[in-house]
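# Examination of the molecular architecture
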Amino acid sequence: EPEVTQTPSHQVTQMGQEVILRCVPISNHLYFYWYRQILGQKVEFLVSFYNNEISEKSEIFDDQFSVERPDGSNFTLKIRSTKLEDSAMYFCASSVTGEGQPQHFGDGTRLSIL
Amino acid sequence: EDQVTQSPEALRLQEGESSSLNCSYTVSGLRGLFWYRQDPGKGPEFLFTLYSAGEEKEKERLKATLTKKESFLHITAPKPEDSATYLCAGSGSARQLTFGSGTQLTVLP
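Worth saying up front: this structure is predicted, and the values here are computed from it rather than measured.

## A word on the overall build of chain A
- Looking only at helices and strands, one finds zero helices and eleven strands in chain A.
- Starting at the N terminus and walking to the C terminus, you meet the elements of chain A as β-β-β-β-β-β-β-β-β-β-β.
- Here the C-alpha radius of gyration of chain A, 13 Å, is about what a compact globule of 114 residues would show, namely 13 Å.
- Taking all 114 residues of chain A together, 46% fall into the buried category.
- Considering only contacts in chain A between residues 6 or more positions apart, those separated by 24 or more positions represent 54%.
- Split by element, the accessible area of chain A, about 5,800 Å² in all, is 45% carbon and sulfur.
- Across chain A, the centroid of the 9 positively charged side chains sits 5 Å from that of the 15 negatively charged ones.

If you want it as structure tokens, here you go:
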């Protein structure tokens, strides 16, 4: 069964450094998403992406964050200057279409900021 | 602002002891109510989508139902392998999912 894959599974970074999280969505899906889950808290929406542009973003997704689909398969989340509070699990998801369709999640990247 | 609230936070059942998990939602222009299963260290795994009040979906020992304000996940004769965190999420006029905090289910043999 097709699945969303994320790399790396765990990333440890010094505060202030840039980090790029990578995702390969399911191949026939058109909508892509990033969510995060701080330990012990809810899964929170960050951004959605369709047709090579951001379609929606949350208040969390400030100027430190950016997303890109650099080629036909990868979808990346970049954090420019990491803060301690960016430590979380970051999940990538994709869906065939947008509205009302299930989103399928990868197993996440655990980001630890030191 | 969309809100999803799940109860109970944690539930311990004996194997074979049926129960229900609750999800209350306030989602503007609901496009879908989703149930996911999350195992430790893993991403949410899709279980069901419900679109309108009165709808029901079943998969093995799980059945999800939807009313205008709540959704229930009924677990019939659970087994230890059903132990996981079950997440409820709503999608409204914005396509993003708004998640609840989840119910951590433990099924004891």
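## Observations concerning the pattern of salt bridges
- What the rule picks out here adds up to seven salt bridges over all chains.
- Note that Glu44(A) is salt-bridged to Arg36(A), the shortest N-O span being 3.2 Å.
- Glu55(B) is the partner of Lys57(B) in a salt bridge, and the nearest nitrogen-oxygen pair spans 3.5 Å.

## Comments concerning the sheet that holds strand E3 (residues 19–26) of chain B
Residue and element names in this part refer to chain B.
- The strand order across the open sheet formed by five strands is E1-E3-E8-E7-E6, and the pairing between neighbours is antiparallel. The open sheet is flanked by strand E1 (3–7) and strand E6 (56–59), the only strands paired with a single partner. Shown here is a sheet whose adjacent strand axes are inclined to one another by a mean of 15 degrees, direction ignored.
- Here strand E7 (residues 62–66) runs beside strand E8 (residues 70–75); their pairing, made up of five bridges, is antiparallel. Paired with Leu62 across the two strands is Ile75, which belongs to E8.

## Digging into the interface of chain A and chain B
- Each side of the interface is counted separately: chain A has 19 residues, and chain B has 21 residues.
- Between chain A and chain B, roughly 1,800 Å² of surface is buried when both sides are summed, and carbon and sulfur atoms account for 52% of that area.
- Scanning the region where chain A abuts chain B turns up two salt bridges.
- Between the two partners, chain A and chain B, sit eight residue pairs in polar contact (both at pLDDT 80 or more).
- Broken down by secondary-structure element, the contributors of at least two residues to the side of chain A that touches chain B are strand E4 (31–37), strand E5 (43–50) and strand E10 (104–105) of chain A.
- Looking at the side of chain A that touches chain B, its residues break down into eight nonpolar, seven polar and four charged.

## What to know about the environment of Thr85(B)
All names here are of chain B.
- Take Thr85: it is sitting in strand E9 (residues 84–91).
- Residues Thr85 and Glu45 lie 40 residues apart in sequence; the distance between their C-alpha atoms is 10 Å.
- With near-sequence residues (within four places) excluded, Thr85 lies in contact with Tyr36, Arg37, Gln38, Gly102, Thr103 and Gln104.

## Here we look at unusual backbone geometry
- The residue after Thr7(A), namely Pro8(A), is reached through a cis peptide bond having omega -10 degrees.
- That bond from Ser7(B) to Pro8(B) is cis: its omega, -10 degrees, falls within 30 degrees of zero.
- Structurally, Pro8(B) can be placed in the loop between E1 and strand E2 (10–14).
- In the Ramachandran plot, Asn52(A) falls in the positive-phi region, its phi being about 65 degrees despite a non-glycine side chain.
- Counting through the fold element by element, Asn52(A) comes out in the loop between E5 and strand E6 (53–57).
- By relative accessible area, Asn52(A) is classed as exposed at 58%.
- The residue Glu60(B) is not glycine, and still its phi comes out positive at about 55 degrees.
- The class for Glu60(B) is exposed, based on a relative accessible area of 71%.

Thresholds, definitions, all that
- Residues numbered from 1 in each chain as written.
- Chains lettered and ligands numbered in written order.
- Predicted model: local features only at pLDDT ≥ 70, side-chain atom pairs only at ≥ 80, totals over all residues.
- Heavy atoms only, no water.
- Helix = DSSP H or I, 4+ residues; strand = E, 2+ residues; numbered from the N terminus.
- Rg over C-alpha atoms; globule rule 2.2 N^0.38 Å.
- Buried < 20%, exposed > 50% of the residue type's maximum accessible area, 1.4 Å probe, protein only.
- Contact = heavy atoms within 4.5 Å.
- Areas by Shrake-Rupley, 256 points an atom, 1.4 Å probe, with all protein chains shown as cover.
- Lys, Arg positive; Asp, Glu negative; His and termini not counted.
- Charge placed at Lys NZ, Arg CZ, Asp CG, Glu CD.
- Salt bridge = Lys/Arg side-chain N within 4 Å of Asp/Glu carboxyl O.
- Pairing = 2+ DSSP bridges.
- Axes fitted to C-alpha atoms, helices over the stretch in contact; angles between N-to-C directions.
- Buried area = accessible area lost by both parts, 1.4 Å probe.
- Polar contact = N/O pair within 3.5 Å; in protein donor to acceptor, adjacent residues only side chain to side chain.
- Nonpolar A, V, L, I, M, F, W, Y, C, P; charged D, E, K, R; others polar.

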